[in-house]
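Residue-level listing of the chains:
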Amino acid sequence: MRITHRAIAERSSQNMQTNLAAMAKLQDQISSGKAIGKPSDSPSGTSTAMRSRAELTTNERHTANISAATTTLNAADSALDAMGDLVRRARDLVTQGANAGANNAVNNAALATEIAGIRESMLAVANRTVGGVPVFGGTTAGGAAYSAAGGYEGQPLGQQQVRVSASETVQTSLNGPDVFGAAPDDVFALLGTIAAELAAGSTTIGSRLTDLDTAAQRMTTTRAEIGVRTQRLEQVASINAGQALSIRAQLSEAEDVDQAKTYLELTVRDTAYKAALQTTASTIQLSLVDYLR
């Protein structure tokens, strides 16, 4: 088989073009920091990267849900803490009203007015919202859990469950009647009754202390349940954070370039390319035909 100068030149050109293309790819990888520029670069790596990104998106969604659920439960706990203080103040006032020897009609009227004010304050706190949704409104989409008259306007049916992991949900909804009692025996009606009895000078007002204690205990129980849910959210958040780190490590291994290895390969190919240029220049000499042109 006869090998011509033209064949040698074409083969040398093809080899150098191939080397140049490989160098260009390595330079792209170094500048982008990614080993995969297109799926064909690494089908298995692309598959791993796509799966890792999907898992990371799900993990981030769960993390956002945990944050929203924690905000709602913290708002509920803060509201119940404030309402607990109001109930204790109401209890102190009822104790004063029960001391018939130290009170008269004027004092009883003042106590009744303050109790009525406590009722209004508790209704305002019971209508606390997060993102426009009432914390104690159950599953309602309305803007208030209770009306100004003290009637429950929320939706007690069903529960709002927030997914916080692939296998777990946490309840964030709180139904007003479960927390403050069901009408007509809820804490707001109770305070209204106490205010009316104080204004009328009732001598049996002391019996309402037990009712206030029951209302306070109901809210304390709810706070304990909120604490359990919040603690679980903290635990799941920690687990999710660890999973996110693991997923990002998998993603990095699949698509990030090894800078040191890539620089070394680029240097080797650059050296080979320069050597090929020199070798080709010395191998392909001018022939007699070239001089006869």
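Relevant structure appears above.
Residues numbered from 1 in each chain as written. Predicted model: local features only at pLDDT ≥ 70, side-chain atom pairs only at ≥ 80, totals over all residues. Heavy atoms only, no water.

Below, the discussion takes up the pattern of salt bridges. In this structure the tally under the stated criterion is 10 salt bridges. The shortest N-O distance in the salt bridge between Glu 114 and Arg 89 comes to 2.8 Å. With Glu 114 in helix H3 (residues 105-126) and Arg 89 in helix H2 (residues 43-98), the pair connects residues that are 25 residues apart, well separated along the chain. For Glu 114, a relative accessible area of 32% translates into the label partly exposed. Judged by relative accessible area, Arg 89 falls into the partly exposed class, the value being 35%. Here Arg 208 makes a salt bridge to Asp 211, at a shortest N to O gap of 3.2 Å. Of the two residues, Arg 208 and Asp 211 are both situated in helix H6 (residues 208-255); the distance of 3 residues between them amounts to about one turn of the helix. Look at Asp 211 and you get partly exposed, because its relative accessible area is 30%. Residues participating in the shared-partner salt-bridge network are Asp 77, Asp 81 and Arg 223. (Salt bridge = Lys/Arg side-chain N within 4 Å of Asp/Glu carboxyl O. Helix = DSSP H or I, 4+ residues; strand = E, 2+ residues; numbered from the N terminus. Buried < 20%, exposed > 50% of the residue type's maximum accessible area, 1.4 Å probe, protein only.)

The subject of this paragraph is the packing of aromatic side chains. Here the structure, examined in full by the defined rule, presents 5 aromatic pairs. Here the aromatic rings of Phe 136 and Phe 180 are separated by 5.1 Å at their centres, their planes lie at 65°, and the arrangement is edge-to-face. Of this pair, Phe 136 sits in the loop between strand S2 (133-134) and strand S3 (161-165) while Phe 180 sits in helix H4 (residues 176-180), placing them 44 residues apart in sequence. Here the two residues Phe 136 and Phe 180 agree in accessibility, since each one is buried. (Phe/Tyr/Trp six-rings, centres within 6.5 Å; stacked < 30°, edge-to-face > 60°.)

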